[in-house]
Amino acid sequence: MIDQADRELQEWVKSVVTGVEVVLGPPRQLDGKHGVSLYLLALATPPLAWMNRQPATRVALRYLVTAWAENDEEAHGLLGKLVLAVMEKREYELDLAELPATMWTALGITPRPTFTLCVPLHVERPEPATPLVHGPLVISGAPVTKLHG
């Protein structure tokens, strides 16, 4: 399930920013390459914004998204394209909150521009077996009374 969501997200990122390496894993600097890092931070409760548009979604996958390139301007360009594309993609939710300094320390890299992407985890559930009706509809009448109050 999660591995399928990983693949779909990777393919979507590759369609938005062509010609770059898309890596699943913590952000890191790869000298001489252009790339995007998708790091699964957590399984989370879906955002409230999904209540009306995502039926039966109970789990959201939170990815930390960052980019790297030979220079910062190119990396910023990659990240900017992704942010704009996420705002257009109805299925995903964009979170622009900053990461705490302790996260950067744990990752062992200097702070860099990032965003968090919430992706729904779709779980296919089998349709419940609906029993067949074996007899005619029976309607019972009831007396009509006045209501006061």
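Everything that follows concerns the structure shown earlier in this document.
This is a predicted model, so every value here is computed, not measured. (Residues numbered from 1 in each chain as written. Predicted model: local features only at pLDDT ≥ 70, side-chain atom pairs only at ≥ 80, totals over all residues. Heavy atoms only, no water.)

Engineer: What is the right way to look at helix α1 (residues 2-16) in this model?
Structural biologist: The α-helix advances 3.6 residues per turn, and as a result positions three or four apart in sequence lie on the same side. Its 15 residues place the ends of α1 21 Å apart at the C-alpha level, agreeing with the 21 Å of an ideal helix rising 1.5 Å per residue. Regarding α1, the residues found buried are A5, D6, L9, Q10, W12 and V13. The buried residues of α1 occupy one face: seen down the axis, they fall within an arc of 165°. For α1, exposure combined with an orientation more than 90 degrees from the buried face picks out E11 and S15. On its buried face, α1 is in contact with β1 (21-24), β2 (35-44), β3 (60-68), α2 (72-88) and β5 (115-120). (Helix = DSSP H or I, 4+ residues; strand = E, 2+ residues; numbered from the N terminus. Expected span 1.5 Å × (residues − 1). Buried < 20%, exposed > 50% of the residue type's maximum accessible area, 1.4 Å probe, protein only. Arc of directions from axis to C-beta. Contact = heavy atoms within 4.5 Å.)

Engineer: How should the pattern of salt bridges be read in this particular structure?
Structural biologist: It is possible for side chains of opposite charge to pair when their charged atoms get near one another. Considering all chains together, one arrives at two salt bridges under this definition. With a shortest N-O distance of 3.8 Å, D3 and R7 are connected by a salt bridge. Here D3 and its partner R7 are both found in helix α1, four residues apart, which amounts to about one turn of the helix. By relative accessible area, which is 45% here, D3 ends up partly exposed. Close ionic contact of K89 with E91 constitutes a salt bridge, the shortest N to O distance being 3.0 Å. Taking the relative accessible area as the measure of exposure, K89 reaches 22% and is therefore partly exposed. (Salt bridge = Lys/Arg side-chain N within 4 Å of Asp/Glu carboxyl O.)

Engineer: Looking at this structure, how should I read the sheet that holds strand β4 (residues 93-95)?
Structural biologist: Within a sheet, each strand pairs with its neighbour through backbone hydrogen bonds, oriented either parallel or antiparallel. The strand order across the open sheet formed by five strands is β1-β2-β3-β5-β4, and the pairing between neighbours is mixed. Each edge of the open sheet is held by one strand with a lone partner, namely β1 and β4. The sheet shows a mean angle of 30° between the axes of neighbouring strands, direction not considered. Pairing analysis gives three bridges linking β4 to β5, with the strands arranged antiparallel. Bridge pairing in β5 places L94 opposite L117. Sheet contacts for α2: β2, β3, β4 and β5; angle to β3, the most-contacted strand, approximately 150°. (Pairing = 2+ DSSP bridges. Axes fitted to C-alpha atoms, helices over the stretch in contact; angles between N-to-C directions.)

Engineer: Before we go on, may I ask you to explain the pairing of β2 in this structure?
Structural biologist: A regular strand places its side chains so that they alternate between the two faces of the sheet. For β1 and β2, the ladder comprises four bridges, and the chain directions are parallel. Within β2, the residue paired with E21 across the bridge is G35. Judged from the nine bridges that link them, β2 and β3 form a sheet pairing that is antiparallel. Within β3, the position partnered with A42 by the bridge is R62.

Taken by themselves, the reported measurements are silent on function.
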